[in-house]
Amino acid sequence: MTQKTGRRLADGTAISDLVDLEMREVKLRTLSDREIYDIEQEKIFGKIWLLLGHESEIPNKGDFMQRHMGEDSVIVSRDRKGEVHVMLNVCPHRGMKITTHESGNTNVHTCIYHGWAFKSDGDFLGSPVADQCMHGKMRGKEELGLTKARVTLYGGLVWATWNINGPSLEEFLGDTKWYYDMLYCRSKKGLEVAGPPQRFIIRANWKTAGEQSAADGYHTLTLHRWLGEMGNYSSDEGTQGSELAKEMLGAEVSSPHGHALRCIDLARKIVKLTGKDPSELSVEEKLRALPPPGMTSEMVDDLFETMTPEQLEVMAWMPPQVGGMFPNIIFEFLYLPQPDGTVVGSLALHTYVPKGPDKLEFTNWIFVERDTPPELKEQMIQQSVQLLGTSGMVESDDSDTWPHMTLSAKGAQGRNSTLKYQAIYETGKPEGWPGPGIVNEGFTKDDTQWHWWKYWYELMTAED
Amino acid sequence: MTQKTGRRLADGTAISDLVDLEMREVKLRTLSDREIYDIEQEKIFGKIWLLLGHESEIPNKGDFMQRHMGEDSVIVSRDRKGEVHVMLNVCPHRGMKITTHESGNTNVHTCIYHGWAFKSDGDFLGSPVADQCMHGKMRGKEELGLTKARVTLYGGLVWATWNINGPSLEEFLGDTKWYYDMLYCRSKKGLEVAGPPQRFIIRANWKTAGEQSAADGYHTLTLHRWLGEMGNYSSDEGTQGSELAKEMLGAEVSSPHGHALRCIDLARKIVKLTGKDPSELSVEEKLRALPPPGMTSEMVDDLFETMTPEQLEVMAWMPPQVGGMFPNIIFEFLYLPQPDGTVVGSLALHTYVPKGPDKLEFTNWIFVERDTPPELKEQMIQQSVQLLGTSGMVESDDSDTWPHMTLSAKGAQGRNSTLKYQAIYETGKPEGWPGPGIVNEGFTKDDTQWHWWKYWYELMTAED
Amino acid sequence: MTQKTGRRLADGTAISDLVDLEMREVKLRTLSDREIYDIEQEKIFGKIWLLLGHESEIPNKGDFMQRHMGEDSVIVSRDRKGEVHVMLNVCPHRGMKITTHESGNTNVHTCIYHGWAFKSDGDFLGSPVADQCMHGKMRGKEELGLTKARVTLYGGLVWATWNINGPSLEEFLGDTKWYYDMLYCRSKKGLEVAGPPQRFIIRANWKTAGEQSAADGYHTLTLHRWLGEMGNYSSDEGTQGSELAKEMLGAEVSSPHGHALRCIDLARKIVKLTGKDPSELSVEEKLRALPPPGMTSEMVDDLFETMTPEQLEVMAWMPPQVGGMFPNIIFEFLYLPQPDGTVVGSLALHTYVPKGPDKLEFTNWIFVERDTPPELKEQMIQQSVQLLGTSGMVESDDSDTWPHMTLSAKGAQGRNSTLKYQAIYETGKPEGWPGPGIVNEGFTKDDTQWHWWKYWYELMTAED
Amino acid sequence: MSETTFSVYQGLGEPVAIGAEVYNQILQHYYTEALLLDNMKLQEWGSMLAEDLVYTVPMRHTLDLASQSKTVIRTVMHMDDNYRSIMGRIMRLCGRSAWAENPPSRIRRFVSNVQVFNTDKSDEFSVINYAMVSRNRFDDDFFDLIPCERHDKLRKVDNGFKLFEREVIIDQALLGTPNLQIFL
Amino acid sequence: MSETTFSVYQGLGEPVAIGAEVYNQILQHYYTEALLLDNMKLQEWGSMLAEDLVYTVPMRHTLDLASQSKTVIRTVMHMDDNYRSIMGRIMRLCGRSAWAENPPSRIRRFVSNVQVFNTDKSDEFSVINYAMVSRNRFDDDFFDLIPCERHDKLRKVDNGFKLFEREVIIDQALLGTPNLQIFL
Amino acid sequence: MSETTFSVYQGLGEPVAIGAEVYNQILQHYYTEALLLDNMKLQEWGSMLAEDLVYTVPMRHTLDLASQSKTVIRTVMHMDDNYRSIMGRIMRLCGRSAWAENPPSRIRRFVSNVQVFNTDKSDEFSVINYAMVSRNRFDDDFFDLIPCERHDKLRKVDNGFKLFEREVIIDQALLGTPNLQIFL
Ligand code: FES
Ligand code: FES
Ligand code: FES
Ligand SMILES: [Fe+3]
Ligand SMILES: [Fe+3]
Ligand SMILES: [Fe+3]
């Protein structure tokens, strides 16, 4: 990784002073500083691929929804040809928002200020009182359309970037794509959103959520201790030796681009369900006994068409269940044990949209498979809402921690305190692991989060 | 216009980078940037003439009111001799506000903190416990008065500037004064306020309102479309060909100092009222048939004493009805058709007082002529309140647009989008136009607003 | 005092441009500027001794309370050995707050995020899942404790500083300690808090309160004029010649470190109480007749053991009754006449904790002597709550002035206005004054506040 | 009760006791009015207005305690409407292009402190009541608040009451909400 | 009264007049509910819930005036609970480690605009009521506000009423309070 | 009703049913009190106070859930007054120089959730009620909010009621309004 200092802050600090590559420490100041935040808007949110939603949110021609890339409002629109476009929600005439609606359907977006009109693909259509040519004669119509982002659909997820000639989404995901395919591309009909995303405000810097999403498994034991104190993971052995800790064993995948996945061993669940030692069972038997979350035994058929044998092996053994995608995404594909001994899945994706150095918008999409039977869909959605997002009994404890960290980072002393990532894997891939990428076995460590910060550092110190 | 770069912003951008003089484009960033805002406070609001109210608000000796010049609170006071003074509402002792009241009457302003006292003209009177000389002996009393601004009354309007030796208000208004005289100086007794100004907060940058006020006629067709959809301007022909568009024809006056006026042809109204072709009517006949808003036929007598024949000609033909005065003023002298076919005037002035990069205080004075008959005054006031200001059915749509523009300007992409002024007049003065200044005939264009920005540029890049 | 320019602000202004040492004037801008505020956090609140409370607030082992040093949250804790520690309330792991509670009792502080545990003296204990050594192997446990401040107890008051090798509290107090001893160290059992401090927000810069606390006696006559208009200080002679002014005569002590005390002559009170000329009375007779506030005649015994004869003389003659301790402390040891002619004391200390350039947290501790009889304690507490702090009839007028000053300092003109300290003592010590320090007799002047600013200047321009 | 003698009740008629039938009916009327307005049923709300309606929102000034009586400004006001103009507003707001309220704000009117008084007309009542109005728009993570004291006059009609006078006393000198394209 | 014919009352039964005994009892029920919740007596509040409870908080969207009916989103909601899950929440919140509400927020529920309606079951009542919920945490010098319109169903039991349905209509598209680990 | 058995009602007497005559009179008393205070009629408000008045505003602390009972601090309080001191405050506030409230704030007291209880004295009543207090000053474009739970004791007298005890439970540990030179 190149050793650049990056821009200097007003007080003379260089970006490179904020990250100690040897000690794996990051200055807390990064979590509250306005200048750093502004640079991030340009060098991170202005440069890389960002997740904006799922195409099932805009199924019909003309459907559109308002979303944000960093602090910029954008329109995600499906044009008359059915193609998805992402364009800046700013009128090229005088900067009014083109739409003030959260979503809708139209083939012509008309600005309410002076009436300039644009097609559902963002192209300029015209301005009122045509004979007066009020858009002027200095620029051709082709120059007057909405600013368009580069768009890629992956597993139905809508991604966009302002970096028109930069790396492809595939290059951006790199080795980790092999794993994300198991989540987003496993079924033939594909995923769909259960509804629009929950959206709420957390008074915290977006990175408090981002760095945690890069597979911080360790906090579960303490911050989510209540899971070990009551309910389905509870035990008399106390927290540390609890079911919870056992449920956490597996492997972690990390990436030079800051992506991360926690692959958790299904053995104990399979034993519970089948009474058999997983080693006695074939990959298919395991997948049928404990299908990927959101899928039924029947739906498992799909997997044999969509996945490679190596992927199937991992899905039946240690599938990715939670993790992050750089910079501000967390995914959850959870196998949740029910009182009746069965397992019900929860599928969710969140983005943490920056709203200033000490504010983020928590956006929570809940997913189901298009093929999931209706009553199971209902169960999944209700379970997801109860555990994740706005009223999530698990995630509210996370999102309530971030504001405290952000406050800590404001103090003249606290800002010079550091975030530490010094628990280092010494294991390597599980024996016989067929997947690519940086993989380590055993109890969670800090590597995945450290790789997240290293990529942050790389982007923040990159030449313009 | 001199080509200066002006100060540099923290990220290296020069003020001159924000305005593209050739392309007639302005970076949206100007509408949200804190640094630019701070420079404006110094180079615009600290330098030029600002409108603070009307002398009829403080008719009696000792009357005062609290107003703002930029973000500075000032006292507008009428002293014992009846002269109007404007002074900084900051105590020279320790910076307490001299008055915390919105208005009042007193001959001695006493600071509540330590009791320093000042005359109604701002001069220092003394400090409590005289024998202790608690104001010290290092400065003479003449040095301890309130900071005074330079004041000019014009048509009863109170203007002030901190630029003590700068251009006079007359120089500042230049050619456009010829037109403003038709509004503020037309009657012998003069205008008076109907009451104190409405004051309310808009979460927008002051320039979103300022640049629109520089005679943006075009937005009327779309933003105020409801006028064409119902009520007195409605028509079956649809918006663009509606009465509204017809009502907008005329001439626009602009100025190298960013002032602007829209002079709208009265022909159609005069036809409606008299059934005669205006060309058959004398100037006086036209003025008697359709007197300037707020005046009656009888009151028209005044005009022949106060106005030149050339001004009278314009007032009977294409009088200024709406426009701006740099930097943050809009005037409205409207002829409003009533259901019964008559016309009732509305006279208003607004200032858009900056309260930070994304906040402005909308100040709305409603005027009548001192001589306007009481019942007509009532009609004018009620009509003005219903259409303009806080609950104005017309202006609420304007003021609701500005916050969206301000938000657009915050995004890392949006801030680099531009405001465009590329609809350019190719007409010139109406044939036989007797007035001075830059005048163009026909459908509204962007020139007046572009001249507004050019003066902004000139001031912002001027040497200190 | 060294002539350093100090850091430069973004607009090129040097700190030294803000203070005119010859004219004894300070730019109002200091009361609102964000950059200046940030430098203060580092060079003042990061460097000098700060008052955090009183040890009687945490009497038992394991007791702790959350307080602030500048904007940094700290834990004030009494460890198992009974020693008081002050440590940064920021987890060395990932910056979460160690405690989110206002106070409590524990021997182990466990971070709720990942469970790192710390002793009540801040030392690192361990991290969950010990065998995984999740705190890493790059730093020893001794490096992973909470950041500790240097602590000194003085008269039971808890002081702390981040300047580990800087001057001692005693050096910081210098000559003024001789006077503060009369307040905090006069009784054998010592002071105790009546309860936790009142805490409330004032929308003002912390220095508006700080500079006033440096013994601004002058404002009493005007800002607290109501005392002269009604109640126990009222008189027919009007404000300036009122009892109030008479009650203010005495001597003022100031310090090169910005500390200040107002010593007010007890003569008039003693005459009222004894009917005798104080000169006829011995020091002991005077102290027995009018004991220090919060003490009874009996309790006066203590003084002869704790105080020197010189201190006793001052305590019976002109004891310190109100004043400040740099940078953000005011003390009040008041003798308050009651309707029935008796005197009841009020003892209070406030700190003005900075919360941003235009916000401060008013923290108000009310004290009694441990030995004060219960019913007198009750009287003192109720009287203090009624006059000081949140609902204080006296201090609410102070705290309501500060926000106006802060607003004045925001204006482009107001920020260049000045605070003036030009009322200069020409008297010197009262004849026979036995105490040290810079002492001046007579009616209050500006010297003590000017010395406060000079020390601010010295710290702000000091080399890092 | 004695409070009728307090200065704040000057010029008002006999109070209608809380719990009296007409009091309860009027209370219900206010709850219905709030529910209609909060759910953008503006025409239905319009049906509860009398044709002689006078509807005003005066300004407020910050003045010395001694001048408190002058703090309510009725020369130029924030709203100055009558039945015709209110109906015009409703028509506009229900049209396609009243951008200031399209998309509409999310508003809630919390009505409390309702006091009813008889007038010299047996079918007309004076009412002093408080409304805490909260307003949220677009993605605002805060609410504009418009606490106010409403001085109303209601006329009993067959199927309920009609409002024929409303003066809304607001609590800000500098109004914090960007417009009054809403009804208080 | 006529307002029962207004659109906002569609689908509701006969109104219970304000002042009627059952109206007053239900009003008391709401005051008790608020006092219990505001004082963190969650288990006691739980005793006021019916086992067939359905408790939801839909999302809100900012849409064109013409689409107002679509602004309440009930596919994915902010809260989507039943008796079992609410009891689970109570157990968690009363435990040692529900950090999002431990230390608890200081909350106040101002109940007003209460309107009661009969249903086809004599012991069941529909209630539309407003709650202005203020929430403060830690050292915040501001309050999160959650004004809302609650559509409830209450069942009369021997010693009072039990809630068996609650839908809370909030007034923000982007929720301004950081979580709903509290009950509305 | 059963709620009298809830812990929040410990130590209180029999509830006075909502709608009972005395309940309605007390409700009216609160509306009158709010109207007087909101309109700066402080002396008139003073006439509604009993000479044995105890008026306090305790502080609040942010503590672990297990320590909720300790979150109300009554050693040092924000206000600690009696009849004499309240009358002194009124005299000061009505004088010429009580700058902290001159010019006065614009305040509105929204009273709700009023619950009345009998005591062992037939002419004395305990009342638990909520007040949402909004406060605006000068040109502030925001409101300070002071939501609170008031624990009052009222004594019936010929012409109404007199307040002889009030404890105001506020909802902030760090008070967000700059002073309490106002009455809650
Ligand atoms: S700003 Fe969009 S048309 Fe003018
Ligand atoms: S600040 Fe005005 S007299 Fe001191
Ligand atoms: S942040 Fe404290 S243990 Fe991780
Ligand atoms: Fe978590
Ligand atoms: Fe307009
Ligand atoms: Fe003072």
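What you see is a predicted model, and the numbers here were worked out from it, not measured in a lab. (Residues numbered from 1 in each chain as written. Chains lettered and ligands numbered in written order. Predicted model: local features only at pLDDT ≥ 70, side-chain atom pairs only at ≥ 80, totals over all residues. Heavy atoms only, no water.)

Draft legend 1. Region of the structure containing the sheet that holds strand β11 (residues 150-154) of chain B. Residue and element names in this part refer to chain B. Taken together, the three strands give an open sheet; going across it, the order is β3-β12-β11, and neighbouring strands pair in antiparallel fashion. The open sheet has two edge strands, β3 (50-54) and β11, and neither has a second partner. Strand-to-strand twist in this sheet, taken as the mean axis angle between neighbours without regard to direction, amounts to 30°. Taken together, the four bridges between β3 and strand β12 (residues 157-161) define a ladder with antiparallel strand orientation. Its bridge partner being in β12, G53 is matched across the sheet by V158. (Pairing = 2+ DSSP bridges. Helix = DSSP H or I, 4+ residues; strand = E, 2+ residues; numbered from the N terminus. Axes fitted to C-alpha atoms, helices over the stretch in contact; angles between N-to-C directions.)

Draft legend 2. Layout of the interface of chain E and chain F. Between chain E and chain F, the residue contacts involve 41 residues of the former and 35 residues of the latter. Considering only the surface of chain E that becomes buried against chain F, E:L35, E:R106 and E:R108 emerge as the three largest contributors, covering 22% of it. The tally of links from chain E across to chain F stands at two salt bridges. Residue F:D171 is joined to E:R108 by a salt bridge in which the shortest nitrogen-to-oxygen separation is 2.6 Å. The element that contributes the greatest number of residues to the side of chain E that touches chain F is helix α1 (residues 21-38) of chain E, accounting for ten residues. (Contact = heavy atoms within 4.5 Å. Buried area = accessible area lost by both parts, 1.4 Å probe. Salt bridge = Lys/Arg side-chain N within 4 Å of Asp/Glu carboxyl O.)

Draft legend 3. Main features of the sheet that holds strand β8 (residues 144-157) of chain F. Taken in spatial order, the seven strands line up as β1-β6-β7-β8-β9-β2-β5 (chain F) in an open sheet, and their pairing is mixed. Each edge of the open sheet is held by one strand with a lone partner, namely β1 (15-16) and β5 (79-82) of chain F. Two elements, strand β7 (residues 124-136) of chain F and β8(F), share twelve bridges in a ladder whose sense is antiparallel. Within β8(F), the residue paired with F:S134 across the bridge is F:L145. Running over the sheet, α1(E) touches β6 (106-118), β7 and β8 of chain F and is turned about 105° from β6(F). The strands touched by helix α3 (residues 83-93) of chain F within the sheet are β2 (49-57) and β5 of chain F, with β5(F) carrying the most contacts at an inclination of about 100°.

Draft legend 4. Quick peek at the UniProt feature "domain: Rieske" (unreviewed entry) in chain A. UniProt feature "domain: Rieske" (unreviewed entry): in the numbering of this structure it lies at residues 49-160 of chain A. Within residues 49-160 of chain A, the helical portion is 0% and the strand portion 40%, while the C-alpha atoms at the span's ends are 5 Å from each other. (UniProt positions renumbered as here; feature names shortened; annotations may be inferred.)

Draft legend 5. Fine view of the coordination of the iron ion (ligand 6). Residues and elements named next belong to chain C. For the iron ion (ligand 6), the protein coordination sphere consists of H219 (NE2), H224 (NE2), D398 (OD) and D398 (OD), at 2.1 to 2.3 Å. Around the iron ion (ligand 6), the four donor atoms sit at angles spanning 57 to 143°, and that spread fits a shape best called irregular. For the iron ion (ligand 6), the donor residues sit on a single chain with the sequence spacing H-x4-H-x173-D. Of the two residues, H219 is situated in the loop between α4 (206-213) and α5 (220-223) and D398 in helix α13 (residues 395-399); the sequence distance between them amounts to 179 residues. An identical accessibility class is assigned to H219 and D398; each is buried. (Donors = N, O, S within 2.8 Å, 3.2 Å for Na, K, Ca; no water. Tetrahedral: all angles 85-135°; square planar, octahedral: opposite > 155°, others 65-115°. Buried < 20%, exposed > 50% of the residue type's maximum accessible area, 1.4 Å probe, protein only.)

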